[in-house]
Every structure is written in structure tokens, then in C-alpha cells.
Amino acid sequence: MQLTVAYFTMEIGLQSHMPTYAGGLGMLAGDLMRSCADLQVQAACMTVGWKHGYLRQKIHPDGSQEYEQFSWNKEEFLTRLPEVVTVQVQGREVRVGCWKLDLQSGGHSVPIYFLDADLPGNTPEDRAITDQLYGGDGTMRLSQEIVLGIGGVRMLRALGYNDIGTFHMNEGHAAFLTLELLRERNFIDDDVRKLCAFTTHTPVKAGHDVFDYDLAWRVVGDMLPWHIRKLAGDERLSMTELAMNLSRYVCGVSQIHGQVSRAMFPDHAIDAITNGIHHTHWACPEMQQLFDDQAPGWREDPTVLERNCRDFDDDELWQAHMAAKRRLLAEVKARTGQEFREHHLTIASARRVVPYKRPELLYTNLERLKEVCGGRVQIIHAGNAHPSDPFSQGVIQRMIERSDSLRDTVHIAYMENYNPDLAKLLVSGADVWLNTPTRLMEASGTSGMKACLNGVLNLSTLDGWWAEAYARDPEAGWRIGPLAGAIQNETEHRKVDAEDLYTQLQFEVLHEYEYKDRKRWIRRMKRSIGLLGYFSAQRCVQEYLQKAWQSQ
Ligand SMILES: *Cc1c(COP(=O)(O)O)cnc(C)c1O
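Note that the structure is a prediction, hence the values are computed from the model and not measured.

About the criteria used
Residues numbered from 1 in each chain as written. Predicted model: local features only at pLDDT ≥ 70, side-chain atom pairs only at ≥ 80, totals over all residues. Heavy atoms only, no water. Core = buried A, V, L, I, M, F, W, Y, C linked by side-chain atoms within 4.5 Å. Buried < 20%, exposed > 50% of the residue type's maximum accessible area, 1.4 Å probe, protein only. Domains from an automatic or database assignment. Contact = heavy atoms within 4.5 Å. Buried area = accessible area lost by both parts, 1.4 Å probe. Salt bridge = Lys/Arg side-chain N within 4 Å of Asp/Glu carboxyl O. Polar contact = N/O pair within 3.5 Å; in protein donor to acceptor, adjacent residues only side chain to side chain. Helix = DSSP H or I, 4+ residues; strand = E, 2+ residues; numbered from the N terminus. Pairing = 2+ DSSP bridges. Right-handed = clockwise from strand over helix to strand, strands pointing away. Axes fitted to C-alpha atoms, helices over the stretch in contact; angles between N-to-C directions. Parallel < 35°, antiparallel > 145°, perpendicular 65-115°, else oblique. Left-handed = near helix turned anticlockwise from the far one by under 90°. Near = heavy atom within 4 Å. Areas by Shrake-Rupley, 256 points an atom, 1.4 Å probe, with all protein chains shown as cover. Nonpolar A, V, L, I, M, F, W, Y, C, P; charged D, E, K, R; others polar.

### What to know about the nonpolar core
The nonpolar side chains of soluble globular proteins are, as a tendency, buried together. Ranked by internal contacts, the top residues of the largest apolar core, which has 164 residues, are F8, F167, F176, L237, F291, L426 and W521. Split by domain, the residues of this core number at least three in each of domain 1 (2–55 + 67–276 + 539–547) and domain 2 (279–534). With 32 residues, the next largest nonpolar core counts C36, A37, A43 and I112 among its residues.

### Topic: the domain arrangement of the protein
When its domains are assigned, the protein resolves into domain 1 (2–55 + 67–276 + 539–547) and domain 2 (279–534). Centre-to-centre, using C-alpha coordinates, domain 1 lies 32 Å away from domain 2. Across the contact, 27 residues belong to domain 1 and 26 residues belong to domain 2. Taking both sides of the interface into account, the surface hidden between domain 1 and domain 2 amounts to around 2,100 Å²; carbon and sulfur atoms contribute 59%. On the domain 1 side of the interface with domain 2, the three residues burying the most area are S16, Y67 and I256, jointly 26% of the side's total. At the junction of domain 1 and domain 2, the tally comes to 0 salt bridges. Where domain 1 packs against domain 2, one counts 8 residue pairs in polar contact (both at pLDDT 80 or more). Of all the elements in the fold, those that place two or more residues in the side of domain 1 that touches domain 2 are α1 (24–38), α10 (255–264) and α22 (537–547). When residues of the side of domain 1 that touches domain 2 are assigned to their parent elements, the largest contribution, 4 residues, is made by α10.

### Some points on the sheet that holds strand β8 (residues 163–170)
Ordered in space as β5-β6-β7-β2-β1-β8-β9-β12-β13, the 9 strands form an open sheet in which the pairing is mixed. The open sheet is flanked by β5 (79–89) and β13 (271–272), the only strands paired with a single partner. The pairing of strand β1 (residues 2–9) with β8 spans 7 bridges and is parallel. Its bridge partner being in β8, V5 is matched across the sheet by T166.

### Concerning the pairing of strand β19 (residues 477–480)
Relative to β19, strand β18 (residues 457–461) runs parallel, the two being bridged by 4 bridges. Across the sheet, the residue bridging to L459 is W478, located in β19. Traced from β18 through helix α19 (residues 464–472) to β19, the parallel crossover comes out right-handed.

### Some remarks on the pattern of salt bridges
For the structure shown, the criterion picks out 42 salt bridges. Taking the shortest distance from any N to any O, the salt bridge between R127 and D118 comes out at 2.8 Å. A relative accessible area of 28% means that R127 is categorised as partly exposed. A relative accessible area of 22% places D118 in the partly exposed class. Within the structure, one salt-bridge network assembled from shared partners comprises K51, D118, R127 and D131.

### Remarks on the environment of S35
In this fold, S35 is placed in helix α1. Exposure remark for S35: the relative accessible area of 1% places this residue in the buried category. Taking the C-alpha atoms as reference, S35 lies 9.0 Å from H279; in sequence the two are 244 residues apart. Those residues in contact with S35 that sit more than four places away from it in its chain are H278, A537, Q538 and V541.

### Side note on the packing of helix α4 (residues 138–158) against helix α7 (residues 213–220)
Two elements in contact, α4 and α7, have axes separated by 10 Å at closest approach and are oriented at 50°. By the angle between their axes, α4 is oblique relative to α7. Two packed elements cross with a definite hand, and for α4 against α7 that hand is right-handed. Where α4 abuts α7, its residues G138, T139, L142, S143 and I146 lie against L215, A216, V219 and V220.

### Digging into the sheet that holds strand β16 (residues 411–415)
Read across the open sheet, the 6 strands follow the order β16-β15-β14-β17-β18-β19; overall the sheet is parallel. Of all the strands in the sheet, the pair left with one neighbour each is β16 and β19. Across the sheet, the mean angle from the axis of one strand to that of its neighbour is 20°, orientation sign disregarded. Sheet topology note: the strand β14 (residues 345–350)/strand β15 (residues 377–382) ladder contains 6 bridges and is parallel. Directly across from I347, in β15, lies its bridge partner I379.

### Here's the deal with the site of the ligand
Taken together, 13 residues lie around the ligand, and K357, A423, T446, S447 and K450 are the ones closest in. With respect to the ligand, the backbone of T446 contributes an N or O atom lying 3.1 Å from an oxygen atom. Here an oxygen atom of the ligand and a side-chain polar atom of K450 are 2.6 Å apart. Contact with the protein chains removes 94% of the 390 Å² of surface that the ligand exposes when unbound. Where the shell around the ligand is concerned, the elements lending two or more residues are α1, α17 (420–429) and α18 (447–453). The class makeup of the residues in the shell around the ligand is 5 nonpolar, 5 polar and 3 charged.

Encoded structure:
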């Protein structure tokens with residue numbers, strides 16, 4: 001059997017009840033595979049059927065959090081396949097099985113394969129390798145990467161795929177696939193390089209997987225070739241170096257991220273393919289209806305949105321937005337008991353909580369926040385911290401404490417357990433999507449694209465995808481702070497951005513929102529929807545096909 005691309009990824013986000021992802025990296029994989037199905041690409045995805053992927057977040061009234069294991073019944077979602085392969089982990093034979101889900105679109109399907117080490121015959125320790133996404137120590141991580149990379153290639157062969165044009169590594173976690181390909185091709189690097197492509201997602205060095213060679217030898221053993229130091233780095237084994245050295249094409253996930261990656265790895269040619277979202281998946285029902293009426297053909301070809309958006313009927317667009325907003329506010333009421341007002345400007349800010357995303361930037365100056373937002377603005381937050389990241393859990397707790405202290409002036413809700421279902425409510429029901437990453441740290445970001453598609457206006461620092469979107473059409477939303485080049489230091493950067501955030505809110509966003517006719521606002525909504533002509537997963541897959549998956 002033949003494939004244009006076998007897409008390897010440690011996580012994939014498909015549904016709220018399948019905990020096989022942690023964040024944006026996995027959500028992107030899901031959207032790209034959906035677009036591969038739409039475009040009838042001969043693609044398959046290789047990933048892991050995590051028993052517990054992300055953990056379910058519970059927030060206590062005092063703002064402290066609990067992260068519970070979230071188990072699922074794979075049989076409800078997936079089909080178990082009979083194939084079993086083995087890999088060596090610390091010298092032991094580990095059996096790896098496989099589950100399948102077909103993503104279907106118009107008669108074409110893209111199979112997603114989920115590897116699983118929880119099989120009889122494996123020791124309890126080995127059965128646990130596929131338990132927890134990003135859990136455990138270096139030994140565990142290496143074991144997981146063996147299962148994904150080496151086990152994944154073996155599984156594809158066992159399934160009968162003997163003609164694969166490109167093995168795509170979505171982040172360095174998948175780089176051990178090159179070890180199996182080296183073995184298959186008599187350790188001829190050039191032959192492997194012709195088969196591989198790699199996307200890096202992480203703009204900071206510390207975010208890349210590296211392992212001591214002692215540990216790597218112990219866990220991976222003789223699957224490591226004699227010249228591994230030449231391929232993966234002299235001092236320590238870098239999964240990113242390994243992937244880059246054995247790929248014929250390497251890219252980052254936005255234009256700025258491409259530049260940052262080239263500066264980090266000056267010895268490599270690194271291109272950029274900006275991420276995109278799956279347009280039909282992320283449009284709320286009312287917007288789907290509107291687009292069906294006023295942009296026929298948009299489902300097959302999202303560039304129709306760009307061409308038709310300026311002629312959308314103002315009233316119908318506003319009504320569609322208000323229906324989504326009412327649905328969100330009803331959910332806020334159901335979950336938190338808070339009565340939000342339908343006609344108040346509603347800002348949503350939701351994302352995985354990590355320091356560089358600076359979710360607390362809005363609370364830098366509470367007096368200013370009260371002055372600008374008091375009685376006129378309501379704010380909804382959501383986002384999980386990593387269960388072993390007390391710092392970010394503290395950030396969430398402090399945000400909740402501050403919002404309690406503002407209760408009488410600004411309505412603020414923190415909704416627990418951010419997942420794709422909640423994301424869909426938020427990216428369609430808010431008026432403004434707020435994103436405040438430290439510049440150069442947000443590789444791309446995709447949630448803002450989901451907001452755009454639903455006519456929710458972005459207010460964001462100029463980083464990742466938004467720097468590109470804002471340059472394309474500054475009328476589609478607003479920026480916070482200066483362009484990338486202008487940053488001095490972290491503290492200064494934060495001060496400047498916080499000040500500008502209040503200024504933008506007061507003099508631009510609120511001013512336009514409360515102006516008596518909403519023409520200007522609605523015009524921005526249309527232009528924001530128009531951006532999906534470019535920021536779709538469809539365009540992204542087409543670019544991958546041209547640049548990365550064109551086999552040699
Ligand atoms: C889209 C999405 C993300 C990624 O969004 P960012 O813009 O990178 O923060 C993460 N989690 C969920 C549930 C999403 O839907």
C-alpha cells in the first residue's frame with residue numbers, strides 16, 4: 001500500500017472525550033489530518049493511544065486546582081487492530097498494538113493509528129509506557145519515543161504500507177523513526193534523508209527534548225547507530241538535531257518562528273509554513289448557516305470567505321454572533337452561577353497556562369483595569385496548567401483571587417477544564433479574543449484563528465500567526481504593543497504591553513463597541529472572517545504538499 005505522507009505525532013486532538021492531546025500541537029495535528037481527508041491526500045497519522053492524556057482540571061473556590069486522571073474507553077471511539085509489533089526498551093522486548101480511527105470526508109478517509117503498549121505479555125512497567133502523555137522521567141520519555149518512532153514505522157510496515165513518500169515528524173518526539181529507517185536502509189543517511197520532513201514547534205531551547213547519552217544507550221540500546229553523535233549532537237542526544245539532520249525539509253510554524261528557529265539552529269536550512277485551522281470544524285452552527293447562504297462553496301474552498309465576506313448582510317452576521325454569544329453566556333451561568341449581560345463587551349482569554357503566555361497581563365494594574373472596564377466589560381478565562389507546574393497553577397489561583405476582588409466592578413469568570421468543546425463555545429461566543437504572549441515565544445497560536453472565523457475580533461501582541469494576520473489586514477482586529485524588534489527586556493516589555501492593553505481597550509475596542517451604530521465593528525468582523533482565506537488548515541496542507549511532501 002502507498003502513502004504520500006505518514007504523519008507522526010506524540011499527540012492528536014480530535015475530541016474532548018479522547019484525552020490524546022495536551023495542547024496546540026495536538027490540536028494542529030487533528031486539523032491538518034481533517035484537511036488531508038478533505039483534500040483526498042493519501043495520508044495516515046501515527047500517534048499514541050494514551051490511557052490518560054491531558055488531565056481533567058478542577059478549580060476549588062479558593063482558586064487552587066486539582067488535576068484528575070481522565071480515563072476513557074478506547075472501544076467507544078476506536079477499532080482495535082490485530083497487528084502487534086515489538087520494540088526493545090532497556091533490552092526488553094515490548095509488544096506494541098494498535099487502534100484505528102478513520103477521519104472521513106466525501107468518501108475519502110485518513111486513518112489515525114494509535115499505538116498501545118498496554119498488552120498482555122508486557123511487564124506492568126512496560127504496559128505503563130503509553131499511560132501518560134508527557135508524564136514521567138527521561139527513561140519514560142525515551143521509552144515513549146521508541147514506541148512512537150520505531151514502533152510506529154514497524155506498525156506501518158505490519159499494516160502493509162511499503163511505499164511511503166514522506167515520513168513527517170511533528171516535533172522532535174517522533175525523531176526515532178529515523179533509527180528504524182536507517183536500519184531498513186543499511187545506515188545510509190542520504191537514503192533516509194530523502195524520506196523525511198520535520199516541523200519544529202518550540203522557540204525556546206529548553207523546550208526541545210535532549211537526553212544524556214548514558215541514559216539513551218541504556219534505554220534505546222543498539223538501535224542507536226554508531227554515528228549517533230554526528231546525527232544528534234556531540235554532548236547530548238538532541239531529538240531536534242536528529243530530526244533536522246535526517247530531513248530533506250524542515251520548517252517552523254509561522255514566519256517569525258521560522259526566523260527564531262534559524263537563529264537557534266544556524267547550521268540548518270529552516271523554512272516556515274504558518275499553521276491553519278480546519279474551517280468547517282471550528283465554525284459555530286449559526287456561522288455555518290450564514291456562510292452556506294452567503295458564501296456558497298466555502299466548505300470545499302475557504303478562500304470563498306475572503307472573497308465574499310465584505311458582502312455579508314450586517315444584520316444577519318450580528319444575529320449569528322449574538323446567538324453564539326447567548327450560548328456562551330448561558331454556559332457561564334450554568335457553570336459559575338454568574339449572570340453576564342448580553343450587551344456588554346465580552347472578552348475571552350483561554351489557553352494552556354504557561355509563563356510566556358502571560359495570562360495575568362490584564363491584571364497588572366487593577367486600578368486601571370477598573371477604570372477602563374468597570375461596569376462595561378465582562379471577562380471569561382479558561383486554561384489548564386501542567387499538574388507538575390506549581391508556578392502556573394499559582395498564576396491561575398492569583399487570577400481568580402484578583403477577579404474575586406473586582407467582583408463588584410468587572411464580571412470575571414474562570415471556567416475549568418479547557419477542552420475543544422469549551423474552546424468552541426469561547427471562540428464563537430466572545431466579542432474579543434485576547435492573547436498576550438511574550439513576543440517571539442508563541443510559535444504560532446491557532447485559537448485566535450478559530451475566533452477570526454467566527455467573527456470574534458483578536459486583540460493580541462504581534463507574535464506568531466497574528467503578526468502575519470495583522471500585516472495582511474490591520475482592520476481585522478487590534479494589536480498590543482510594538483513589533484518584535486523593539487523589545488528591551490522582559491520587565492520593560494511587560495510594562496509597555498500592559499499599558500498599551502489598557503489604552504487599546506479604552507480608546508479603540510470599547511469605543512468602537514459602544515458606538516451607536518455598530519457598522520465599524522461589523523466591518524472588522526467581516527474582515528476577520530476573510531482572514532480564513534489564508535489561515536486555514538487547507539492552505540497549510542497545500543503548502544506542506546508543495547514544499548514538504550513532494551517525494552523525491
Ligand atoms: C485551539 C486550541 C489550542 C491551541 O490554541 P493556542 O492559540 O495555541 O493557545 C489549545 N487547546 C484547545 C482545546 C484548543 O481548541
